[in-house]
Amino acid sequence: MDSIHGLYLLVAGIKNAGKDPGKMLDSLRLQHPDVLIQAVDAACVFGLDHVQAVAQIAVEAMERGMMIAAKPETELLLRISCTRQISEAIKRAGLKPEQAGCFICLAKKQDLLQKFAAGLERDDSVISKSSGKKKQIAKMLGIAESDDETFLKFLTELAAIT
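For clarity, every value in this text was computed on a predicted model and none was experimentally measured.

## Quick word on the overall build of the protein
- Looking only at helices and strands, the protein features seven helices and four strands.
- Its helices and strands taken in sequence order, the protein reads β-β-α-β-α-α-α-β-α-α-α from the N to the C terminus.
- Against the compact-globule benchmark of 15 Å for 162 residues, the protein has a radius of gyration of 15 Å, which places it among compact chains.
- When the 162 residues of the protein are sorted by exposure, 48% land in the buried category.
- Considering only intrachain contacts with a sequence separation of at least 6, the fraction spanning at least 24 residues in the protein is 72%.
- Summed over all atoms, the accessible surface of the protein reaches about 8,300 Å², with 51% contributed by carbon and sulfur.
- For the protein, the distance from the average site of its 21 positive side-chain charges to the average site of its 21 negative ones is 4 Å.

## Notes on the side chain of Lys133
- Looking at where Lys133 falls in the secondary structure, it is placed in helix H6 (residues 131-141).
- Asp41 provides the closest opposite charge to the buried, unpaired Lys133, separated from it by 7.7 Å.
- In contact with Lys133, other than residues within four places in its own chain, are Ala42, Ala43, Val45, Phe46, Val126, Ile127 and Ser128.

## Description of the nonpolar core
- Core analysis: the largest hydrophobic core is formed by 27 residues, its most contacted members being Leu9, Val40, Val45, Val51, Ile80, Cys102 and Ile104.
- Among the secondary structure elements, those contributing two or more residues to this core are strand S2 (7-14), helix H2 (48-64), helix H3 (72-81), helix H4 (86-93) and strand S4 (101-107).
- In terms of residues, this core owes the most to one element, H2, which gives six residues.
- The residues touching Ile80, leaving out its near neighbours within four places in the chain, are Val40, Cys44, Val45, His50, Val51, Val54, Ala93 and Ile104.

## What about the side chain of Asp41?
- Counting through the fold element by element, Asp41 comes out in strand S3 (residues 36-41).
- Taking relative accessible area as the criterion, Asp41 reaches 10% and is therefore assigned buried.
- Looking at Asp41, its side chain comes within polar contact range of the main-chain nitrogen of Ala43, at 3.0 Å.
- For Asp41, the residues in contact, after removing those within four places along its chain, are Ala93, Gly94, Leu95, Lys96 and Ala100.

## So, the pattern of salt bridges
- The final tally for this structure, using the stated rule, is nine salt bridges.
- Glu149 is the salt-bridge partner of Lys153, the closest N and O atoms lying 3.5 Å from each other. Of this pair, Lys153 and Glu149 both sit in helix H7 (residues 148-161), separated by four residues, roughly a single helical turn.
- One network of salt bridges, in which partners are shared, links Glu88, Lys91 and Arg92.

## Let's talk about the packing of aromatic side chains
- Inspection of every chain in the model, using the stated rule, returns two aromatic pairs.
- Between Phe46 and Phe151, the ring centres sit 5.1 Å apart and the planes meet at 80°, which makes this aromatic pair edge-to-face. You can see Phe46 sitting in the loop between S3 and H2 and its partner Phe151 sitting in helix H7, a full 105 residues away along the chain. Across this residue pair, the class does not change: Phe46 and Phe151 are buried.

## Topic: unusual backbone geometry
- For Cys82, which is not glycine, the phi torsion reads 55° and is therefore positive.
- Here Cys82 is to be found in the loop between H3 and H4.
- Its identity as a non-glycine residue notwithstanding, Glu98 has a phi of 60°, on the positive side.
- Position of Glu98 relative to the elements: it lies in the loop between H4 and S4.

What counts and how
Residues numbered from 1 in each chain as written. Predicted model: local features only at pLDDT ≥ 70, side-chain atom pairs only at ≥ 80, totals over all residues. Heavy atoms only, no water. Helix = DSSP H or I, 4+ residues; strand = E, 2+ residues; numbered from the N terminus. Rg over C-alpha atoms; globule rule 2.2 N^0.38 Å. Buried < 20%, exposed > 50% of the residue type's maximum accessible area, 1.4 Å probe, protein only. Contact = heavy atoms within 4.5 Å. Areas by Shrake-Rupley, 256 points an atom, 1.4 Å probe, with all protein chains shown as cover. Lys, Arg positive; Asp, Glu negative; His and termini not counted. Charge placed at Lys NZ, Arg CZ, Asp CG, Glu CD. Salt bridge = Lys/Arg side-chain N within 4 Å of Asp/Glu carboxyl O. Core = buried A, V, L, I, M, F, W, Y, C linked by side-chain atoms within 4.5 Å. Polar contact = N/O pair within 3.5 Å; in protein donor to acceptor, adjacent residues only side chain to side chain. Phe/Tyr/Trp six-rings, centres within 6.5 Å; stacked < 30°, edge-to-face > 60°.

Interpretation in functional terms is not warranted from these geometric data alone.
In structure tokens, the structure reads:
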């Protein structure tokens, strides 16, 4: 688990978000009130580095009082989907029923994240980079594909200026 400005970060993939991902997410947030939890479509995640960079941007925006959204969880969703519109962010990157997902969690204590992770059926392979994901993300954002490193840098820049 990484640390960002005093917060610990957990990025965890799951193979299937179930029939009602919104209900699942609400339930997890109730069970873990001291953990900031966001879940996104794994197809919108271009590897662990992508999520770490977006989380860094969101935490810095939170610390500086410059968030786009009212809640940090929503800030993460907006930044990873590279839009300022919540409805568009949900459409682009929201967790989809019966699809692979990615949990992005922040907490002040590492043990809170370990407890959260213990309750998941993790499969981090779903958040790995792939050419298919790159193609899908490029199409969604209307940008050109490039080598992985350049593409990741561009995604990070888009998240920062969103």
